[in-house]
Amino acid sequence: KIKNKLSSGGGPRFGMASEAVCVSRAVEELAVAIGRYRLMKGAVTATANAAGGKAAASAAANGAAAASSAGGKKPRPPPPPPPPAIATAGLLIRAAAARVLGLRPGPCGGDMQPIWVTEPGNGKITISLDGSSRSPFPKDATHEALLDAVERAAADLSKANEEIVVFELARGEAESRYGDGIFDGQNTYSGDSLRLAWLPGAALVELPPGWQLCARAGACGKIAFARGAADGKKADTLILAKKKQMTVRFSVEVDAPAAAQDLRGKAPDPEEAQPSDDGSVKVQVEGVDCGELLGLKKEAAAAEAGEAGDEDMVVTAHEVSGKIDYEKLIKQFGSTRITKELLARIEKLTVGKGNVPNLHHWLRREIFFSHRDMEVLCNMLEKGKPFYLYTGRGPSSVAMHLGHLIPFMFTKWLQDAFNVPLVIQLTDDEKFLWKGEYKDDTGDNLNHYYGLTMENAKDIIACGFDKKKTFIFSNLDYVGHMYPNIVRIWKAITYNTAKGAFGFVGESNIGQSAFPAIQAAPSFPSSFKVPLGGDDNMCCLIPCAIDQDPYFRVTRDIAHKLVPKTHPLGGKPSLIHAKFFPPLEGAAGKMSASNANSAVYLTDTPEQIQEKVMKHAFSGGQVTAKEQREKGADLEKDVSYQWLRFFLEDDDELARIGTEYGSGTGEYWNTAAVKQRLIVRLQEMVAAHNEKRAKVTDDEVREWMAIRKLEF
């Protein structure tokens, strides 16, 4: 407007002597126009106290006066606060966006447009993406996947149905306790006292004046995002990366009332509230985030233990969350449950031949529960034809935790039981491609990951594998021997397939895009001409957690192109799937290596193990001793009992603990007794492992990694 006035001779037109006066008058008119617009749209609220708020309020007053003097209609009053269900849903969407997009729930704001006035049960919220820890922010092609993830995260929060705490604090005290993260980044509200809403584990934010919330997060029912555009208009739910905004138009299933008490619940401790305000990405998004390979699952946001519904289960190559329904996973992935008949056949081929004394307790307890083509492997063994085992690790740190050992512990039993060779891939190249750094003064840190390979190999060797039947290799050393197969795999898999399966985006480096073929190559015996003796018809068995199945489904789809037509499985690797090893802090989802309190490391001292279990192991016991005696513990939720299912081999002792703890009777009637039994077992395991590891030298590692013919 200013530019138009100046270019059209604004000064003389308005009888003004200078351009400066013209500019001043144009700004004044613009302020009046803004005031009129805000009044007509009902948007003049307490925002007058925000930065520049006084000017806006003055402009609004001038606009109102101008409208009155011109004989116009009276301006509409400000819109009423949103209904409690809409306000509650807005809080959940705000918290969900923070978890998915790496935002702080307070500063990202939650500006609500009052469409509920004309469309009851509907709301529209705008959230600022300024400060997102997803940097650079994902490209436009991934925005639908991000919106899907925000909608799922909001549904998770609703299903968890936490009580929403509302409390008051003096402004200074609130800021001192919780920092500036409580304040709305888009609006500032006046007053010496603040009303704060606490959604446990998700958001602590200031409530606008007059807003009321439902008593619990799930009171508003399902929150549905309106997707797509209508009548040639832009979509109402979209991400505008350039404007750093996300807008969501949504509806609620239930027009729930406000809580009976405006102020209720206990204010969180600062330490309790801080994780929700750290601005980190807590939910990995398929098609956006690239997962780690070879059994090292990428960090994912796990649902609160036992609270998420089965319908909220997410298990992909990149994300694991919610309460896991393993029967549903078998149907979704198209794998096959391990039956009693198959177990009996495995027992005959292993225990029956005197190779091992018993079936592994993880098979007996259905911790390994699903498979692909194990029957064919049994057929081969019955004909005297061995298969080989393939597993691996990505060396990201010197310290491995017990969750990392599980695939190696079971693979060790498989090697002994079936008397077969084993190849172990250490993906130092993968870790550099995903986590490596370059600095101008020191260069890159590729050799750092090669060094971690040597250290992790010592932990793997300490698991007790048969050296004569085991070949451990670093990709940086051995990749040339696999290169012909890697090239064939590159040729066989389209980039669209790779993007869909592994989540590659424009920001992914070309090494990441190429790596899945390097992971797949050990599935084919021709990658090991010397260790396996040149038998290209050998079958391969891969023990892994169930979320790694998608990686090898892609491999199975193209396997026939890399083997002779006489191969018993057409080149497809066989798989045997494990359930997830739960984190200490909650039995849903899976363990995260980034949270020191969720894992027990092989470097932990006995005192550290005791402290972690006693402090952080989630309990399925009752709140009081009386209730525990009456009802017993929920064994499915209790992490100490679940860990004993993994690590306590004695079936009779485990059954006794489960019976007594589940009924609140006997020696193990309470949580403390069960935790103490777990502590003793973990201390024994870690001490025994470290005693073996201490004997493994660098020269010993090199012998295991030497390219040689394995004996089988």
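Located above this text is the structure these notes cover.
Residues numbered from 1 in each chain as written. Predicted model: local features only at pLDDT ≥ 70, side-chain atom pairs only at ≥ 80, totals over all residues. Heavy atoms only, no water.

Draft legend 1. Structural context of the overall build of the chain. Per the secondary structure count, the chain includes 25 helices and 19 strands. Looking at the chain residue by residue over its 712 residues, the buried ones come to 50%. Within the chain, contacts between residues at least 6 apart in sequence are counted, and of these 76% link residues at least 24 apart. (Helix = DSSP H or I, 4+ residues; strand = E, 2+ residues; numbered from the N terminus. Buried < 20%, exposed > 50% of the residue type's maximum accessible area, 1.4 Å probe, protein only. Contact = heavy atoms within 4.5 Å.)

Draft legend 2. Just the packing of aromatic side chains, in detail. Following the criterion strictly, the structure yields 26 aromatic pairs and no others. With a centroid separation of 5.2 Å and 70° between ring planes, the pair formed by Phe471 and Tyr478 is classed as edge-to-face. For the residue pair Phe471 and Tyr478, the accessibility class agrees, reading buried in each case. Of the aromatic side chains, those joined through ring pairs into one cluster are Trp362, Phe368, Phe410, Trp413, Phe581, Trp643, Phe646 and Phe647. (Phe/Tyr/Trp six-rings, centres within 6.5 Å; stacked < 30°, edge-to-face > 60°.)

Draft legend 3. Fine view of unusual backbone geometry. Not every positive phi belongs to a glycine, and Asn161 is a case in point at roughly 55°. Turning to its location among the elements, Asn161 is positioned in the loop between α6 (143-160) and β3 (165-170). For Asn161, a relative accessible area of 30% corresponds to the partly exposed category. The residue Asp373 is not glycine, and still its phi comes out positive at about 65°. With respect to the element layout, Asp373 can be found in the loop between β12 (368-372) and α12 (374-382). Residue class for Asp373 comes out partly exposed when judged on its relative accessible area of 21%.

Draft legend 4. Expanded view of helix α22 (residues 639-647). Burial of α22 is extensive: 9 of the 9 residues sit out of reach of the surface. Restricting attention to buried positions, one finds in α22 the residues Val639, Ser640, Tyr641, Gln642, Trp643, Leu644, Arg645, Phe646 and Phe647. Buried residues belonging to α22 abut α11 (361-364), α13 (402-418), α20 (606-616), α23 (651-663) and α24 (671-693).

Draft legend 5. Here's a closer look at the pattern of salt bridges. Counted under the stated rule, the structure contains 35 salt bridges. Taking the shortest distance from any N to any O, the salt bridge between Asp651 and Arg364 comes out at 2.8 Å. Residue Asp651 is located in helix α23, and its partner Arg364 is located in helix α11; the two are separated by 287 residues in the primary sequence. You can call Asp651 partly exposed: its relative accessible area is 33%. Residue Arg364 is classed as partly exposed on the basis of its relative accessible area, which comes to 36%. Its salt-bridge partner being Glu455, residue Arg693 comes within 3.1 Å of it at the nearest N-O pair. (Salt bridge = Lys/Arg side-chain N within 4 Å of Asp/Glu carboxyl O.)

Draft legend 6. Region of the structure containing α12. Where α12 is concerned, the buried positions are Met374, Leu377, Cys378, Met380 and Leu381. For α12, the angular spread of the buried residues around the axis is 160°, confining them to a single face. Downstream of α12 by a residue or two, Gly384 has a phi angle that is positive, lying close to 80°. (Arc of directions from axis to C-beta.)

Draft legend 7. Spotlight on the sheet that holds strand β11 (residues 336-337). Ordered in space as β11-β12-β19-β18-β13-β14-β17, the 7 strands form an open sheet in which the pairing is mixed. Of all strands in the sheet, those bounded by a partner on one side alone are β11 and β17 (470-474). Pairing of strand β13 (residues 388-393) with strand β18 (residues 540-545), which is carried by 2 bridges, proceeds in the parallel orientation. Along β18, the bridge assignment pairs Leu389 with Leu541. This element, helix α9 (residues 326-333), spans β11 and β12 of the sheet and lies at about 10° to β12. Packed onto the sheet, helix α16 (residues 475-492) meets β14 (422-426) and β17 and runs at close to 105° relative to β17. (Pairing = 2+ DSSP bridges. Axes fitted to C-alpha atoms, helices over the stretch in contact; angles between N-to-C directions.)

Draft legend 8. The sheet that holds strand β4 (residues 193-199), seen in detail. Pairing is antiparallel across the open sheet formed by 3 strands, whose spatial order is β3-β4-β5. The open sheet is flanked by β3 and β5 (203-206), the only strands paired with a single partner. Across this sheet, the average inter-strand angle for adjacent strands is 25°, counted without regard to direction. Relative to β4, β3 runs antiparallel, the two sharing 6 bridges. Its bridge partner lying in β4, Ala170 is registered against Ser193. Set on the sheet, helix α7 (residues 171-178) makes contact with β3, β4 and β5; between it and β3 the angle comes to about 115°.

Draft legend 9. The arrangement of a nonpolar patch on the surface in detail. On the surface, Tyr483, Val487 and Trp490 cluster together into a nonpolar patch covering about 280 Å² of accessible area. Topologically, Val487 is positioned in helix α16. (Patch = residues over 30% accessible without salt bridge, like charges linked within 9 Å, V, L, I, M, F, W, Y side chains within 5 Å. Areas by Shrake-Rupley, 256 points an atom, 1.4 Å probe, with all protein chains shown as cover.)

Draft legend 10. How the structure looks around the state of the cysteines. Counted according to the given criterion, the structure contains 0 disulfides. Cysteine Cys539 is unpaired, with the sulfur of Cys540 as its nearest cysteine sulfur at 8.8 Å. Judged by relative accessible area, which is 2%, Cys539 ranks as buried. (Disulfide = S-S within 2.5 Å.)

Draft legend 11. Examining the packing of α23 against α24 more closely. Running from N to C, α23 and α24 point in directions that differ by 160°, and their axes come no closer than 10 Å. One way to sum up the angle between α23 and α24 is to call them roughly antiparallel. The hand of the α23/α24 crossing is left-handed. Side by side, α23 and α24 meet where Glu653, Ile657 and Tyr661 of the first sit next to Thr671, Val674 and Arg677 of the second. (Parallel < 35°, antiparallel > 145°, perpendicular 65-115°, else oblique. Left-handed = near helix turned anticlockwise from the far one by under 90°.)

Draft legend 12. Local environment of the packing of helix α10 (residues 340-350) against α12. Packing of α10 against α12 brings their axes to within 11 Å, and their N-to-C directions diverge by 30°. Put simply, α10 runs roughly parallel to α12. The handedness of the crossing between α10 and α12 is left-handed. Contacts from Leu342, Arg345, Ile346 and Leu349 in α10 reach Met374, Glu375, Cys378, Asn379, Leu381 and Glu382 in α12. Along the lines of polarity and charge, the residues of the contact of α10 with α12 split into 6 nonpolar, 1 polar and 3 charged. (Nonpolar A, V, L, I, M, F, W, Y, C, P; charged D, E, K, R; others polar.)

Draft legend 13. Representation of the nonpolar core in the model. Leu363, Phe387, Leu402, Phe418, Trp643 and Leu682 are the most contacted members of the largest nonpolar core, which has 74 residues in total. In terms of residue count, α13 provides more of this core than any other element does, 9 residues in total. For Phe418, the residues in contact, after removing those within four places along its chain, are Ile346, Leu349, Thr350, Asn355, Leu381 and Phe387. Counting 52 residues, the second-largest nonpolar core is a separate cluster that includes Phe137, Val166, Val252 and Ala256. (Core = buried A, V, L, I, M, F, W, Y, C linked by side-chain atoms within 4.5 Å.)

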